[in-house]
Amino acid sequence: MTSESVRAIAFYLPQFHPIPENDAWWGKGFTEWTNVTKARPLFRGHYQPHLPADLGFYDLRLPEVRQAQVDLAREYGLYGFCYYHYWFNGKRLLHRPFDEVLASGNPDFPFCLCWANENWTRIWDGGDSEVLMEQTYSEQDDLAHIRWLAKAFHDPRYIRVQGRPLFIIYRAHKLPDIRKTTAVWREECRRLGIGEIFLCRIDTGADTLPPREVGLDAAVEFQPDWWRLDPQLGSGLRLPQFQWNDLRFYLRRKLFGDDIKAFSYPDLVNPISNRVSPDYLRFPCVTPSWDNSPRRRRGATVFIGSSPKLFQQWLADAIERELRSERTDKLVFINAWNEWAEGNHLEPDQLHGRSYLEALRQALQSVDAR
């Protein structure tokens, strides 16, 4: 068996184009690039801003951009994208890129959807928790939602597990009656001729029961795993490279707050790689790095010491564990393809170029070699 049996899927953020709601909430022309370009280093050695290289400051309304992303992803062995899907009781946000992918049939690249079922708040620009678009749930909405999703499930590019369309819920515990929701979805998919569907949740500390006990088939790990992260990992990182006599960093710390949470990326990789798997089906996830300071005016979380080499090691371990598993469908998720304002992106930047993409390819090939 080779790594070709493992499908590497990257989470994909569609926030790189303007929409009327963002224009109203944050100003005309707001996109994720707005946050990215205003970022500044907050301590000595802090890598910010992350600026794009090969693909530039793209606009996802352009089919040429979407094709260029796929060409790059396919070149380095990525199997598909998992698009974030924003559904609020029939109202969708940031949907144009995926709608055009679905309607046009291009790019010809596998995809699935992850429902980001959280309230839409001002956290996009680092503001407070003011709710701008609230999630509400009902049986009527469950039916409307799955009927819309059926259009995507019918697409031959849609990623399947055990022959069934894969759909992920970001915060499954927020559904008031998840068993009822999943039962409605499954029955309606059978009625629509889709057949059985494969439902996953993102594992969080709020999920206390195995997936099958709440009507789901499996779980997906998410990294960084905040709920299980050892608080001691960051205890020794007090940003010693910060120089209080450097006026630039002093003023930035005063502006952004002194409550930066700094963690060690090497310490994240090593314990996670050795973690015992749960007694239910859960697909692993890795992340190339993490730094959400572009989105946070205060309370940013930064992982220090990430590198393509460490990312390759972590990913290769995850792939090898999947290959040793007995399940026939083997998936590894990567967070993320293009989360630029959270510092976790496979897309090339001006510092590392294509190094993280090359690490992806090398991880796949190294498992083959072993």
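Residues numbered from 1 in each chain as written. Predicted model: local features only at pLDDT ≥ 70, side-chain atom pairs only at ≥ 80, totals over all residues. Heavy atoms only, no water.

What follows concerns the overall build of the protein chain. In terms of regular secondary structure, the protein chain is built from 10 helices and 17 strands. The proportion of buried residues among the 370 residues of the protein chain is 57%. Long-range contacts, defined as pairs at least 24 residues apart, comprise 76% of the intrachain contacts of the protein chain with a sequence gap of at least 6. When the accessible surface of the protein chain is summed, it comes to about 15700 Å², and 50% of that surface belongs to carbon and sulfur atoms. (Helix = DSSP H or I, 4+ residues; strand = E, 2+ residues; numbered from the N terminus. Buried < 20%, exposed > 50% of the residue type's maximum accessible area, 1.4 Å probe, protein only. Contact = heavy atoms within 4.5 Å. Areas by Shrake-Rupley, 256 points an atom, 1.4 Å probe, with all protein chains shown as cover.)

Okay, helix 3 (residues 63-75) next. Under the 1.5 Å per step criterion, the end-to-end length of helix 3 is 18 Å for 13 residues, consistent within 8% with the ideal 18 Å. Those residues of helix 3 that fall on the buried side of the exposure criterion are Val65, Arg66, Gln69, Val70, Leu72 and Ala73. Down the axis of helix 3, the smallest arc covering the buried residues is 165°, so these residues share one side. Positioned one or two residues after helix 3, glycine 77 has a phi angle of 100°, which is positive. (Expected span 1.5 Å × (residues − 1). Arc of directions from axis to C-beta.)

Direction vectors running N to C along helix 5 (residues 139-153) and helix 6 (residues 178-191) enclose 45°, while the axes themselves pass 9 Å from each other. Accordingly, the angle class assigned to the pair helix 5 and helix 6 is oblique. Every pair of crossing elements has a handedness; the one defined by helix 5 and helix 6 is right-handed. Between helix 5 and helix 6, the residues in contact are Glu139, Asp142, Leu143, His145, Ile146, Arg147 and Phe153 and Lys180, Thr181, Val184, Trp185, Glu188, Cys189 and Arg191, respectively. Partitioned by chemical class, the residues of the contact of helix 5 with helix 6 number 6 nonpolar, 2 polar and 6 charged. (Axes fitted to C-alpha atoms, helices over the stretch in contact; angles between N-to-C directions. Parallel < 35°, antiparallel > 145°, perpendicular 65-115°, else oblique. Left-handed = near helix turned anticlockwise from the far one by under 90°. Nonpolar A, V, L, I, M, F, W, Y, C, P; charged D, E, K, R; others polar.)

Let us now look at unusual backbone geometry. Glycine aside, the phi torsion of most residues is negative, and most peptide linkages are trans. Between glutamine 223 and proline 224 the backbone carries a cis peptide bond, its omega angle lying at -5°. Structurally, proline 224 can be placed in the loop between strand 10 (218-220) and helix 7 (247-256). In this chain, asparagine 335 is followed by alanine 336 through a cis amide linkage whose omega measures 20°. Its identity is not glycine, yet asparagine 89 carries a phi of approximately 50°, on the positive side.

Detailed conclusions should not be drawn from predicted coordinates in areas where pLDDT is low. For the protein chain, mean pLDDT is 89; residues scoring 70 or higher make up 86% of the total. Here residues 232-236 is modelled with pLDDT under 50, and outside its nearest four sequence neighbours on either side it reaches 7 contacts, counting other chains as well. Within the model, the stretch residues 240-245 combines pLDDT values under 50 with 12 contacts to residues more than four positions away or in other chains. (pLDDT = per-residue confidence, 0-100.)

Time to look at the pattern of salt bridges. With the rule as written, the count across this model stands at 27 salt bridges. Glutamate 139 is the partner of lysine 180 in a salt bridge, and the nearest nitrogen-oxygen pair spans 3.2 Å. One end of the pair, lysine 180, is in helix 6; the other, glutamate 139, is in helix 5, and 41 residues separate them in sequence. Judged by its relative accessible area of 41%, glutamate 139 falls in the partly exposed class. A salt bridge links arginine 157 to aspartate 155; the shortest N-O distance between them is 2.8 Å. (Salt bridge = Lys/Arg side-chain N within 4 Å of Asp/Glu carboxyl O.)

Quick look at the packing of aromatic side chains now. For the structure shown, the criterion picks out 36 aromatic pairs. When the centroid spacing of 5.1 Å and the interplanar angle of 80° are considered together, the rings of tryptophan 33 and phenylalanine 57 count as edge-to-face. Highlighted residues: tryptophan 33 in helix 2 (residues 32-38) and phenylalanine 57 in the loop between helix 2 and helix 3, separated in sequence by 24 residues. Looking at phenylalanine 57, the relative accessible area reads 47%, which means it is partly exposed. The aromatic ring of tyrosine 79 is capped on one face by arginine 7, whose charged end is 5.3 Å from the ring centroid. (Phe/Tyr/Trp six-rings, centres within 6.5 Å; stacked < 30°, edge-to-face > 60°. Lys NZ or Arg CZ within 6 Å of the ring centre and 35° of its normal.)

Attention shifts here to helix 9 (residues 308-324). Side chains of residues three or four places apart in an α-helix project in the same direction, reflecting 3.6 residues per turn. Taking 1.5 Å as the rise per residue, helix 9 with 17 residues should run 24 Å; its terminal C-alpha atoms sit 24 Å apart, in good agreement. Among the residues of helix 9, Pro308, Leu310, Phe311, Trp314, Leu315, Ala316, Ala318, Ile319, Glu322 and Leu323 are the ones counted as buried.

Judged by nonpolar contacts, the single largest core of 107 residues is most densely connected at Phe11, Trp120, Leu166, Phe167, Phe333, Ile334 and Trp337. Per element, the largest residue contribution to this core is 8 residues, and it comes from helix 9. When neighbours within four sequence positions are excluded, tryptophan 120 is seen to be in contact with Gln15, Asn22, Trp25, Trp26, Tyr86, Phe88, Leu93, Leu94, Glu130, Val131, Leu132 and Met133. (Core = buried A, V, L, I, M, F, W, Y, C linked by side-chain atoms within 4.5 Å.)

Turning our attention to the environment of phenylalanine 198. Structurally, the position occupied by phenylalanine 198 is in strand 9 (residues 198-202). Owing to a relative accessible area of 0%, phenylalanine 198 belongs among the buried residues under this scheme. Along the sequence, phenylalanine 198 and aspartate 217 sit 19 residues apart, while their C-alpha atoms lie 6.1 Å from each other. For phenylalanine 198, the contacting residues outside a window of four places in its chain are Val161, Gln162, Arg164, Pro165, Leu166, Phe167, Asp217, Ala218, Leu281 and Phe283.

Glancing now at the environment of aspartate 317. Inspection of the secondary structure assignment puts aspartate 317 in helix 9. C-alpha separation for the pair aspartate 317 and alanine 363, spaced 46 residues apart in sequence, amounts to 8.5 Å.

Time to look at the side chain of histidine 85. Within the fold, histidine 85 resides in strand 2 (residues 80-88). The class for histidine 85 is buried, based on a relative accessible area of 4%. Setting aside anything within four residues of it in sequence, one finds histidine 85 in contact with Arg92, Leu113, Cys114, Trp115, Ala116, His145, Trp148, Leu149 and Phe167.

Remark: helix 4 (residues 96-104) packs on helix 5, axes separated minimally by 10 Å, with the N-to-C direction vectors making an angle of 50°. It follows that helix 4 is oblique to helix 5 by the angle criterion. Along the contact surface, helix 4 presents Phe98, Asp99 and Leu102, while helix 5 presents Trp148, Lys151 and Ala152. Per-class residue counts for the contact of helix 4 with helix 5 are 4 nonpolar, no polar and 2 charged.

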